[in-house]
Every structure is written in structure tokens, then in C-alpha cells.
Amino acid sequence: MKVALDVHTHTIVSGHAYSTIQEMAKAAAEKGLQILGMAEHGPTIKGACDAAYFNNLSVIPEEIYGVKILVGAEINILDTYGSLDLSEKSIRKLKIRIAGIHHSCYRPGTVEENTDAVIGVMKNPLIDIISHPADGTADLDYERLVQTAKETRAMLEINNSSLSPSRGKEKAWECHKQLLTLCKKYELMVIMGSDAHISFDVARYDHIYRLLQEVEFPEALIINDKPDLFWQRLKRNEK
Ligand SMILES: [Zn+2]
Ligand SMILES: [Zn+2]
């Protein structure tokens with residue numbers, strides 16, 4: 001697979017990541033990427049920036065070192081109703097719009113409540129990607145998520161960082177396996193995200209590759225080597 005994109009990375013702006021936009025872009029260019037997304041944590045994560053950052057993104061060049069730059073956010077899903085921590089006005093300014101559950105900002109409910117929250121966000125016409133639904137933070141009904149993804153065109157992310165043993169997310173491997181098995185059954189296209197918090201990890205998908213092999217997941221269902229398809233799939237580019 002010739003990887004062309006990684007749209008889930010973080011820069012120093014996220015408060016616990018260590019590279020600048022320029023350093024991330026340089027790493028992406030060196031790895032031959034066409035598209036790099038920097039999805040900074042939403043304001044509820046301790047140390048992350050507030051809405052003012054997201055409202056001034058137009059100063060950032062569209063392309064750096066030959067790589068298309070999508071700066072945006074990984075917005076927090078706050079509750080079982082699917083509330084988000086950035087306003088619609090701010091979200092509209094983002095070039096990459098990811099939303100996900102983080103344990104420091106979310107009080108888990110029942111499987112049904114958690115699933116309803118994520119499904120509500122998938123149906124939000126502004127949100128393109130659900131980050132690490134299978135990291136084990138909240139119990140979710142993956143079959144319903146996969147079925148909803150088929151209808152809404154929201155993408156479910158397979159997240160390299162949560163699969164790393166150093167993160168200590170014990171359920172992540174099994175949950176990702178369950179999710180990928182369902183994606184294969186329903187022929188759902190998925191997106192891989194490195195969730196890099198430093199430039200060296202841009203487009204790092206090593207744990208994912210092991211998992212893909214284990215479940216014999218077809219490359220045809222991975223969007224990261226299909227940049228044209230990726231552009232079409234962004235809800236704002238939909239025809
Ligand atoms: Zn982070
Ligand atoms: Zn995240």
C-alpha cells in the first residue's frame with residue numbers, strides 16, 4: 001500500500017504534543033504523503049487551545065513542502081447526548097473535522113447511550129471522522145456504528161496510537177478486531193490514523209498493519225492510499 005494521507009495528528013497546540021506545524025509538514029513530505037491533517041484537541045482537554053485558535057486557521061498555507069495541509073480539530077464528544085466542545089461556527093472553519101470520546105471529558109453511560117451519542121455525531125453533517133471508536137474508553141455497539149457509517153458516510157478510524165502497548169489500553173486490540181471484522185462483513189471503508197503527537201510518528205501505522213493481517217482485512221477497504229476518494233468522502237465536498 002502506498003500511503004498518501006494521515007489526517008489525525010497533533011502539534012504543540014494540543015498541549016501534550018511536541019512538534020510544530022512546520023515540523024509535521026516536513027516529516028509528511030519526507031514520508032511521501034500528499035495530505036497531512038492536524039486535528040488539535042478540543043478545548044475541554046486540559047492544556048489544549050481554545051476556540052480563538054480554530055477561528056484564525058486561514059493564515060496557514062494550504063500547502064507546505066508540497067503536502068496539502070488540513071488543520072482542524074479532534075472535537076470532544078462530551079455526553080451521552082453527543083454534545084461537542086466547539087461551536088458550529090468554529091467547526092465550519094476547520095478543514096479536518098474529527099470527533100471522539102476521551103475519558104477525561106466524557107462520563108460513560110450504557111452501551112446503548114454511548115452508541116447513541118456517537119451515532120448522533122456521525123449524523124452531524126459537519127463531522128467526517130470518529131476517532132478511535134475501538135480504543136475501549138466507552139463500550140459501544142460496533143455493529144450499529146458500522147451500519148450507521150454506511151448510511152451517513154462518516155468514517156470510522158482505526159487508530160495506531162491506541163494499539164500501542166505503551167498506552168496501556170488493554171481492550172483496544174480486541175475491540176479493534178471486532179470492529180474490523182464487522183467492517184469487512186459490511187464492506188465499510190475505514191481510515192487509519194496515526195494519532196501522532198510528535199513528527200516522527202506521522203503516518204506510523206505499524207500496530208494497525210499487524211492487526212490488518214490478523215483479520216485478513218482487504219486493502220480495498222482502506223482509504224489512506226486513495227486520496228481522490230478521501231476528498232470526495234469529506235461531507236463538505238459531497239455532491
Ligand atoms: Zn492527545
Ligand atoms: Zn483522541
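The structure presented is a predicted model; accordingly, all values stated were derived computationally and were not measured. (Residues numbered from 1 in each chain as written. Chains lettered and ligands numbered in written order. Predicted model: local features only at pLDDT ≥ 70, side-chain atom pairs only at ≥ 80, totals over all residues. Heavy atoms only, no water.)

## Some words on the packing of aromatic side chains
For clarity, the threshold we go by: Classification of ring pairs rests on two measures: the distance between centres of Phe, Tyr or Trp rings, Trp counted by its six-membered ring, which must be within 6.5 Å, and the angle between planes, read as stacked under 30 degrees, edge-to-face over 60 and tilted in between. Think of it in three bands: with a 1.4 Å probe and only protein chains considered, a residue is buried below 20% of the maximum accessible area for its type, exposed above 50%, and partly exposed in between.
In this structure the tally under the stated criterion is three aromatic pairs. Plain terms: the ring middles of Y53 and F54 are 5.4 Å apart, the flat faces sit at 90 degrees to each other, and that makes the pair edge-to-face. Take Y53: its relative accessible area is 21%, and that puts it in the partly exposed class. F54 sits in the buried class, given a relative accessible area of 0%.

## Some details on empty space enclosed by the protein
One way to see where empty space is left: roll a probe the size of a water molecule over the atoms. Heads up, the rule is: Only protein atoms enter the 1 Å grid, on which a cavity is a set of points fitting a 1.4 Å probe that cannot get out and a pocket is an open set with protein on both sides within 12 Å along at least 5 of 7 lines, lining residues being those with an atom within 4 Å of a point. Grid points are joined across faces, edges and corners, and a volume is the space filled by probe spheres set on the points. Ten residues, namely Ala, Val, Leu, Ile, Met, Phe, Trp, Tyr, Cys and Pro, are considered nonpolar, four, namely Asp, Glu, Lys and Arg, are considered charged, and the remaining ones, Gly among them, are considered polar.
For the structure on display, the rule yields one cavity of 30 Å³ or more. In this structure, the largest cavity occupies an estimated 70 Å³ of space. As for the largest cavity, its lining consists of G100, I101, V118, I130, S131, H132, P133, D135, T137, A138 and L140. Grouping the amino acids of the lining of the largest cavity by side-chain chemistry returns six nonpolar, four polar and one charged.

## What about the coordination of the zinc ion (ligand 1)?
Each pair of donors in an ideal four-coordinate tetrahedral metal site encloses 109.5 degrees, whereas pairs in an ideal six-coordinate octahedral site enclose 90 or 180 degrees. To keep things clear, this is the line we draw: Donor atoms: N, O and S within 2.8 Å of the metal, or within 3.2 Å for Na, K and Ca. Because water is excluded, sites can look incomplete. Under the scheme used here, helices are H or I runs from DSSP no shorter than 4 residues and strands are E runs no shorter than 2 residues, and both carry numbers assigned from the N terminus.
Protein ligation of the zinc ion (ligand 1) involves H16 (NE2), H41 (NE2) and H197 (NE2), the donor distances falling in the range 2.0 to 2.1 Å. Mapped onto the sequence, the residues coordinating the zinc ion (ligand 1) show the spacing H-x24-H-x155-H. In this structure the zinc ion (ligand 2) is found 5.7 Å away from the zinc ion (ligand 1). Placement of H16 in the loop between β1 (5–6) and α1 (21–30) and of H41 in strand β2 (residues 35–41) is noted, with a sequence separation of 25 residues between them. By relative accessible area, H41 is classed as buried at 4%.

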